Amino acid sequence: MPLSRSWTIGEQIASAVTDPLEGARSGDPESFERLYREHVGRVFALCLRLSGEGGRAEELTQDVFVRAWQTLGTFRAESAFSSWLHRLTVNVALTAFRGEGRRERRVRPVAELPDVAGRGGAGDHDIDLERAIAALPPGARAVFVMYDVEGYQHDEIARELGIAVGTSKAHLFRARRLLREALER
Amino acid sequence: MKCRMMDSRLDAFLDGALPPLERRSVEAHLAQCARCRAEAEGLKRIIARARALPPSVQPPRDLWPAVEAEMNRAVVESLPLRRDAGRFAWRLASRPVLAAAALLLVALSSLVTWNITRAGRTAAAVASAPLVAGAATLVELHGIERDYQLAAADLAATLDARRASLDPATVAVVEADLRLIDQAIREARAALIADPANEDLGHMLSTAYRHKLALLQQATRL
Amino acid sequence: MRLLVQTRRLLSLAVLACGVAAPLSAQRKVQRRIAVDGDASIRLWNNFGSIRVVGWDRDSLVVTATLGRAAEGGLRFGGQGQFAKMYVDAPTDGRADAAAQIEVHVPRRSRVWVKSMTADIEVVGVVGAVDANSVSGRMRISGALRELNAETMDGEVEIDGTATVLRAKTASGGIRLRGGGDDVGLTTVSGALFISGEKFQGARVESVTGDIHFDGRLDRNGSFTFESHSGAIDLAFPPEMPALIEIRSFAGEIHNQYTKASPTPGPTGRGRQLTVASELGGASVSVRSFKGVVTLRRR
């Protein structure tokens, strides 16, 4: 049905789309790409620290965004998108961790960590700490990253990891001392 | 408080999680014990360094093309299976459906397909092939079918997660067509089991599975 | 559309009843122009109502729209030059007053991606590429395109024209293609497929239960496949069209009204098959059915 007669009653002020979230929810991949650019650093940092491995972190990051695209319809606008994405990242990273982590007790070679110097932060990025975290045993690493880096509480961590609260505290205890050992002595 | 009792309390103390009485006890000890004080300071430094880590780290390479490729998968030719143990890319089209050669006698488990119903996901047996003594059975068919079932279940799970945002009329269309495809799968499968060397039937069964996965995939992209 | 008309009628009745002047319209009109390159990529979406895309010779995107009251955010735009997009800021729960009737003029050679939920989609005069996606909107695309992809769940797809690469996919919607293409793929589960034309260089047509009707000509150098599980396959070719036609059906009948040959039992003794070969070789045509009736006849 053509609408060729032009009725200009009030012209819409069409600024460039400032909120990519609405575009992405409507199905626009370009808007979603903007969300990706905005949030990928955060997601990657979390995946990197939780997995301790650059290659794995890249895979996990991709998984997170693909899952986010697929389930964007369930996102309720009351909470912040970044929090929603953060929870999704933790969920994806720890699901992978749950499946594979228990077997891996070896200390990861430091070389596997991507060179993160100068990225993401202004000036000196604490590479030694990143490497030491990557070298932690998986359980201790997960709890340390979630508690001391990301600020979760033990009950939340216990729930996400499927462990007891006491175990979570024990992991944190161990992680902090192992890190201190690696970095200060 | 003695030094040996401190260690287990230091973390809780530093995290502000001790009840007031215990906290004062720890503070009192720290005031007059250099060793424990040094320990506490060391832990505090680690915690501070952790908090100071940049919240954001850019990946060394641009991951968007891979993400976009996943988003835009239009052809049901390769489907990564997401399982905890890791993923592997897996191709449908290049598999032969059936080997015409002699086959092993294997018990075929009943096959399950996920149906999306209003009451939630239920598993319905597509067909259970009875074990017929002396008949050659279909190892390859079983393996391929299992892969199809896994992929379909994977897609159905994704679709389930999005159901709330779909119009019920749309869900009804998807369900009705899934039932039609499932019936086609049952019929082709039964015919193939009765005539295992028939390549056309193998092709038709494979096509029916492909329709199912394509439909599920199309529905997940709504 | 029906709901909108009903709303208007109710409003008119209300006016008569109350003798009070109703607002001129519960809708707003909008127009917008954006400068874009001749081969720009353009993304459009409108979930409810209708969207008509017209290719023209100017390097600009011009949108004229009537928006329902619930589309309070109006039309949102972005981009210029190589890329532009437009969407309707409205709730996605299908309310009638979230509908928008939109007409968009785009450069003829642009690549157009258009998406809707129930809005009807029409595209005319675009020669670049069109990717149209809808849940249940009806699609009408016409012209000669380089690429066409049309996907819907239960909307109808009508294509009048050709595309070098042409794909149409539905779940239960029907597909009607009048024209042709070099590489054509039509897929449905339960929709009816009607294909006609003389410009087919290659095609794969598949259904599960939908009937397939072809009435046209196949290029002698092409490969063609028609497959259905239980839908009927009805093929009408010009007499003496150069082709090698192989029909295999497992449990359905094969009716040959094209030549005098009769079907014979299938390769393994089950089912039926029929091969029709012209002396001059020609198009390679493969027809497979599980239990649908296959009919081969003359145009």
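This structure is a prediction, so every number in the text was calculated from the model and none was measured. Starting from 1, residues in each chain are numbered consecutively following that chain's sequence as written. Throughout, the order in which chains and ligands are written sets their labels, letters from A for the former and numbers from 1 for the latter. Totals for whole chains, interfaces and linings use every residue, but because this is a predicted model, local features are given only for residues with pLDDT of at least 70 and side-chain atom pairs only at 80 or more, for both listing and counting.

Chemist: Just to check I follow, could you spell out the overall build of chain A for this structure?
Modeler: Strands are runs of DSSP state E lasting at least 2 residues, helices are runs of H or I lasting at least 4, and numbering of each runs from the N terminus. Per the secondary structure count, chain A includes eight helices and zero strands. Helices and strands appear in chain A in the N-to-C order α-α-α-α-α-α-α-α. Exposed residues have 12 or fewer other C-beta atoms within 10 Å of their own C-beta, buried residues have 20 or more, and partly exposed residues fall in between, where C-beta atoms are placed from the backbone. Sorting the 185 residues of chain A into buried and exposed places 41% on the buried side. Each residue gets a C-beta atom placed from its backbone, and two residues are in contact if those atoms lie within 7 Å. When contacts within chain A are restricted to residue pairs at least 6 apart in sequence, long-range pairs at least 24 apart make up 58% of them.

Chemist: How do you make sense of the overall build of chain B when you look at a structure like this?
Modeler: Secondary structure assignment for chain B yields seven helices and two strands. Secondary structure of chain B in N-to-C order comes out as α-α-α-α-β-β-α-α-α. For chain B, with 222 residues in total, the buried portion stands at 27%. Across chain B, every contact between residues at least 6 apart in sequence was considered, and the portion connecting residues at least 24 apart equals 66%.

Chemist: Would you mind going over the interface of chain B and chain A with me for this structure?
Modeler: When the parts come together, some accessible area is lost, and that loss is often what is quoted as the size of the interface. Across the contact, 33 residues belong to chain B and 41 residues belong to chain A. Elements with a minimum of two residues in the side of chain B that touches chain A: helix 3 (34–51), helix 4 (64–71) and helix 5 (139–162) of chain B. It is helix 3 of chain B that contributes the most residues to the side of chain B that touches chain A, seven residues altogether.

Chemist: Would you mind going over helix 8 (residues 165–184) of chain A with me for this structure?
Modeler: Counting along an α-helix, one turn takes 3.6 residues, and residues three or four places apart therefore face a common direction. Residue and element names in this part refer to chain A. One less than the residue count of a helix, multiplied by 1.5 Å, gives the span that helix is expected to have. The terminal C-alpha atoms of helix 8 lie 28 Å apart, and with 20 residues this matches the ideal 28 Å at 1.5 Å per residue to within 8%. The set of residues buried in helix 8 consists of Ser 168, Lys 169, His 171, Leu 172, Ala 175, Arg 176 and Leu 179. End-on view of helix 8: buried residues confined to an arc of 155 degrees, all on one side of the axis. The exposed residues of helix 8 that point more than 90 degrees off its buried face are Gly 166 and Glu 181. Within this analysis, the arc is defined by the directions that extend from the helix axis to the C-beta atoms.

Chemist: Can you help me understand the pairing of strand 15 (residues 243–249) of chain C in this one?
Modeler: Both faces of the sheet carry side chains from a regular strand, because those side chains alternate between them. Residue and element names in this part refer to chain C. Counted residue by residue, strand 15 has five buried out of seven residues, so it is predominantly covered. One ladder, built from seven bridges, connects strand 15 with strand 19 (residues 283–289); its direction is parallel. Bridge assignment links Ala 243 to a residue of strand 19, and that residue is Ala 283. A pair of strands is considered paired only if DSSP assigns at least 2 bridges between the two. Strand direction decides the pairing type here: strand 15 and strand 18 (residues 272–277), joined by six bridges, are antiparallel. In the strand pairing of strand 18, Ser 249 is matched with Arg 272.

Chemist: Mind showing me how you'd approach the nonpolar core here?
Modeler: The nonpolar side chains of soluble globular proteins are, as a tendency, buried together. Buried Ala, Val, Leu, Ile, Met, Phe, Trp, Tyr and Cys residues whose C-beta atoms connect them within 7 Å together make up a nonpolar core. If you look at the biggest cluster of nonpolar residues, it comprises 111 residues, and the most contacted ones within it are Ala 188 of chain B together with Val 112 of chain C. Looking at which element gives the most residues to this core, the answer is helix 6 (residues 168–194) of chain B, with ten residues. What Ala 188 of chain B contacts, discounting residues up to four positions off in sequence, is Leu 201, Met 204, Leu 205 and Ala 208 of chain B together with Phe 290 of chain C.

Chemist: Which parts of the structure should I look at to understand the environment of Gly 23 of chain A?
Modeler: Residue and element names in this part refer to chain A. Positionally, Gly 23 belongs in helix 1 (residues 20–25). Taking the C-beta count within 10 Å as the criterion, Gly 23 has 25 such neighbours and is therefore assigned buried. Here the alpha-carbon distance between Gly 23 and Leu 35, two residues twelve residues apart in the chain, equals 9.9 Å.

Chemist: What is the right way to look at unusual backbone geometry in this model?
Modeler: As a rule of thumb, non-glycine residues mostly have phi less than zero, and peptide bonds are mostly trans rather than cis. Residues and elements named next belong to chain C. Non-glycine residue Glu 240 carries a positive phi angle of around 60 degrees. For Glu 240, the location among the structural elements is in the loop between strand 14 (233–237) and strand 15. By the C-beta count within 10 Å, which is 12 here, Glu 240 ends up exposed.

Chemist: Sorry if this is basic, but what is going on with the confidence of the model for chain B here?
Modeler: Do not read the predicted coordinates in detail wherever pLDDT is low. All names here are of chain B. Every residue is assigned a pLDDT by the predictor, reflecting its confidence on a scale from 0 to 100. For chain B, mean pLDDT is 67; residues scoring 70 or higher make up 66% of the total. Within the model, pLDDT remains below 50 along residues 74–138, and this stretch shows 106 contacts once partners closer than five positions in the same chain are excluded. The ipTM assigned to the predicted complex is 0.84, against a pTM of 0.57.

Chemist: Can you walk me through helix 6 (residues 138–149) of chain A in this structure?
Modeler: Residues and elements named next belong to chain A. Taking 1.5 Å per residue as the helical rise, helix 6 with its twelve residues ought to reach 16 Å, and the 15 Å between its terminal C-alpha atoms agrees with that figure. Of all twelve residues in helix 6, twelve are buried; the element is thus mostly enclosed. Along helix 6, the residues classified as buried are Pro 138, Gly 139, Ala 140, Arg 141, Ala 142, Val 143, Phe 144, Val 145, Met 146, Tyr 147, Asp 148 and Val 149. Where helix 6 ends, the next residue or the one after it, Gly 151, has phi of about 85 degrees, a positive value.

Chemist: Mind showing me how you'd approach the packing of helix 6 of chain A against helix 8 of chain A here?
Modeler: When two helices pack together, their arrangement is given by the angle between the helix axes and by the axis-to-axis distance. Residue and element names in this part refer to chain A. Closest axis-to-axis distance for the helix 6/helix 8 pair is 8 Å, and the angle between their directions is 90 degrees. With respect to helix 8, the element helix 6 is oriented roughly perpendicular. Within the contact between the two elements, helix 6 uses Gly 139, Ala 140, Arg 141, Val 143, Phe 144 and Tyr 147 and helix 8 uses Ser 168, His 171, Leu 172, Arg 174, Ala 175 and Leu 178. Throughout, an axis means a line fitted to C-alpha atoms (over the contacting stretch in the case of helices), and angles, computed between N-to-C directions, take values from 0 to 180 degrees. Comment on the angle field: the value is read as roughly parallel under 35 degrees, roughly antiparallel over 145, roughly perpendicular from 65 to 115, and oblique elsewhere.

Chemist: It is not clear to me how the packing of helix 2 (residues 29–51) of chain A against helix 3 (residues 54–71) of chain A should be interpreted in this structure. Could you clarify?
Modeler: Residues and elements named next belong to chain A. Contact pair helix 2 / helix 3: the axes reach a minimum separation of 8 Å and the direction vectors enclose 140 degrees. With respect to helix 3, the element helix 2 is oriented oblique. Like other packed secondary-structure pairs, helix 2 and helix 3 cross with a definite hand, here right-handed. Facing Phe 32, Tyr 36, Val 40, Val 43, Phe 44, Cys 47, Leu 48 and Ser 51 of helix 2, the residues of helix 3 in contact are Gly 54, Arg 56, Ala 57, Leu 60, Thr 61, Val 64, Phe 65 and Trp 69. In this count, Pro and Cys sit with the nonpolar residues alongside Ala, Val, Leu, Ile, Met, Phe, Trp and Tyr, while Asp, Glu, Lys and Arg are called charged and the others, Gly among them, polar. A class-by-class count of the residues in the contact of helix 2 with helix 3 yields twelve nonpolar, three polar and one charged. Here a crossing is taken to be left-handed if its near helix is turned anticlockwise relative to the far helix by less than a right angle, and right-handed if that turn runs clockwise.

Chemist: Sorry, what's going on with the environment of Val 112 of chain C here?
Modeler: All names here are of chain C. Counting through the fold element by element, Val 112 comes out in strand 6 (residues 111–116). Accessibility expressed as a C-beta count within 10 Å gives 22 for Val 112, which makes it buried. Each C-alpha atom, one on Val 112 and one on Val 127, is 9.9 Å from the other, the two residues being 15 residues apart in sequence. Residue contacts for Val 112: discarding those within four places in its chain leaves Ile 42, Leu 44, Val 53, Val 106, Val 123, Val 126 and Val 130.

Chemist: Teacher, can you tell me more about the confidence of the model for chain A here?
Modeler: All names here are of chain A. Confidence in the prediction for chain A averages 75 pLDDT; 71% of positions are at 70 or higher. When the criterion is pLDDT under 50, residues 1–18 qualifies, and its contacts beyond four places in sequence or with other chains add up to 31 contacts. Segment residues 101–112 is flagged for pLDDT under 50; beyond a separation of four residues in sequence, or across chains, it makes eleven contacts in the model.

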